[in-house]
Amino acid sequence: MRCLSSVTRVVKDSVVDSSGRQREALRHFLRSRRARLSPDDVGLLATGRRHTPGLRREEVAVLAGVSASWYTWLEQGRDIKVSDGVLDAISHALRLDDTERVHLYRLAGTNPPQPASRSSAPREAPSLQPVVDGWLPAPAFVIDRYWNVVAANSKARSLLGVPSHGQNYLTSFFTEPSARVRFPSWDDMAARLVGQFRVQGARFPGDVRFDNLAEELCRADEAFAGLWARHETCNAARTRVRVRVTGQQGARYEHLILSLLENSDLSLMLYMPMPYAQGVGLELVAS
């Protein structure tokens, strides 16, 4: 019993330490964001002598539409309930950018809001083409959140059948007859892709474009419709893919899916020839 009690105490202490570190990070973040602003920056009239740079807590509270006491408790890291609306108001008051806003949500222990829908041809596309070209002679390409192709190298197009810029990779995989010939394990690969697309769509519950694309594919291909009806999920970031090159000759690749930090909507698909992948022993995961 003493041993069990000790384990329980260690677990509780660990939880407390983790929570304490998060509250300390929240305190430091809010203070630093407040310190970088002046009353002029936010349209307030500076009054009284200021011993420290930046806005006062009371001024942030006024801008966010909350009580000064409540904001003080938040900045002190007290264990209080915080709504998304209040966090949005504080983000606006402190002039946080998108990255800082997400960071505030996470420090407050709340799931960050999903980014707004973006076009299928983001402005990052030109800068990504050299990235995938630099992966040659192995295939590499980039897709957006809807699996539209943003950039692809020549090997991805010729070997994997990746469609042109702006076209949808999932649609091409299920509707182009050549895909079933190109991939000897097409059935397994199809199930994995549908599961990954379902997981991706769940990240953006308010985005109807995922549902629209799924409905279009259900009408266009019976195999997709059957897999979609099974409601299976898959979030594998590393898989093995076999590709038939000419006749019975084939090639095996390690397929790695990486999220680009600058834009979490974009996924980089890298294919590494199996002998090299096994030797390197990469352990990469998608965020």
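Being a predicted model, the structure only gives us computed values, none of them experimental.

### Thoughts on the pairing of strand β3 (residues 238-244)
Here β3 shows a clear split, with Thr-239, Val-241 and Val-243 buried on one side and none of Arg-238, Arg-240, Arg-242 and Arg-244 buried on the other. As judged from the 7 bridges shared by β3 and strand β4 (residues 250-260), these two strands associate in the antiparallel manner. Pairing of Arg-238 across the sheet is with Leu-256, part of β4.

### What about helix α5 (residues 98-107)?
Buried residues of α5: Glu-100, Leu-104, Tyr-105 and Leu-107, and no others. Seen along its axis, α5 keeps its buried residues to an arc of 170 degrees; they face one direction. Exposed side of α5, more than 90 degrees from the buried face: Asp-98, Thr-99 and Arg-106 are the residues found there. At the N-terminal end of α5, a side-chain oxygen is found 2.8 Å from the backbone nitrogen of Glu-100, two or three residues along, and the residue is Asp-97. At the C-terminal side of α5, Gly-109 shows a positive phi close to 80 degrees.

### A short note on the side chain of Asp-144
Summarising the element assignment, Asp-144 is placed in the loop between β1 (140-143) and β2 (149-152). Here Asp-144 occupies a buried position and makes no salt bridge, while the nearest side chain of opposite charge, Arg-209, is found at 6.0 Å. Within the structure, the side chain of Asp-144 is placed 2.8 Å from the backbone nitrogen of Asn-148, a separation counted as a polar contact.

### Looking at the pattern of salt bridges
Where charged atoms from two side chains of opposite charge come close, those side chains can pair. For the structure on display, the rule yields 13 salt bridges. We note a salt bridge from Asp-207 to Arg-145, for which the minimum N-O separation is 2.8 Å. Of this pair, Asp-207 sits in the loop between α10 (186-202) and α11 (208-220) while Arg-145 is found in the loop between β1 and β2, placing the two residues 62 residues apart along the sequence. Overall, Asp-207 belongs to the buried group, its relative accessible area being 9%. Overall, the relative accessible area of 2% leaves Arg-145 in the buried class. Notably, a salt bridge pairs Arg-180 with Asp-221, separated by 3.2 Å at the nearest N-O pair. Of this pair, Arg-180 sits in helix α9 (residues 177-182) while Asp-221 sits in the loop between α11 and α12 (222-230), and the two are 41 residues apart along the sequence. Judged by its relative accessible area of 10%, Asp-221 is buried.

### With respect to the side chain of Arg-198
With respect to the helices, strands and loops of the structure, Arg-198 is situated in helix α10. Buried and unpaired, Arg-198 has Asp-211 as its nearest opposite-charge partner, separated by 7.1 Å.

### Observations regarding the packing of aromatic side chains
Within this structure, the stated rule accounts for 14 aromatic pairs. Ring geometry for Phe-173 and Trp-186: centres 5.2 Å apart, planes at 5 degrees, overall stacked. Of the two residues, Phe-173 is situated in helix α8 (residues 169-175) and Trp-186 in helix α10; the sequence distance between them amounts to 13 residues. Exposure remark for Trp-186: the relative accessible area of 6% places this residue in the buried category. Plain terms: the ring middles of Phe-174 and Phe-224 are 5.2 Å apart, the flat faces sit at 85 degrees to each other, and that makes the pair edge-to-face. Separated by 50 residues along the polypeptide, Phe-174 in helix α8 and Phe-224 in helix α12 bring together distant segments of the chain. One exposure class covers both Phe-174 and Phe-224, and it is buried.

### A look at the nonpolar core
Counting residues in each nonpolar core, the largest one holds 37 residues, and the members touching the most others are Phe-141, Tyr-169, Phe-173 and Phe-174. Counting residues per element, this core draws most heavily on α10, which supplies 6 residues. Counting residues in each nonpolar core, the second largest holds 23 residues, with Leu-26, Leu-30, Leu-37 and Val-66 among its members.

### Thoughts on α11
Along its 13 residues, α11 runs 18 Å from first to last C-alpha, staying within 8% of the 18 Å computed at 1.5 Å per residue. Turning to α11, its buried residues number three or more, namely Phe-210, Leu-213, Ala-214 and Leu-217. Summarising the axial view, the buried residues of α11 lie within an arc of 100 degrees, below the 170-degree limit, and thus occupy one face. Opposite the buried face of α11, by more than 90 degrees, sit the exposed residues Val-208 and Arg-219. Where α11 is buried, its residues touch α8, α10 and α12. Two or three places before Arg-209, at the opening of α11, Asp-207 has a side-chain oxygen 3.1 Å from that residue's backbone nitrogen.

Each value, and the rule that gives it
- Residues numbered from 1 in each chain as written.
- Predicted model: local features only at pLDDT ≥ 70, side-chain atom pairs only at ≥ 80, totals over all residues.
- Heavy atoms only, no water.
- Buried < 20%, exposed > 50% of the residue type's maximum accessible area, 1.4 Å probe, protein only.
- Helix = DSSP H or I, 4+ residues; strand = E, 2+ residues; numbered from the N terminus.
- Pairing = 2+ DSSP bridges.
- Arc of directions from axis to C-beta.
- Polar contact = N/O pair within 3.5 Å; in protein donor to acceptor, adjacent residues only side chain to side chain.
- Lys, Arg positive; Asp, Glu negative; His and termini not counted.
- Salt bridge = Lys/Arg side-chain N within 4 Å of Asp/Glu carboxyl O.
- Phe/Tyr/Trp six-rings, centres within 6.5 Å; stacked < 30°, edge-to-face > 60°.
- Core = buried A, V, L, I, M, F, W, Y, C linked by side-chain atoms within 4.5 Å.
- Expected span 1.5 Å × (residues − 1).
- Contact = heavy atoms within 4.5 Å.

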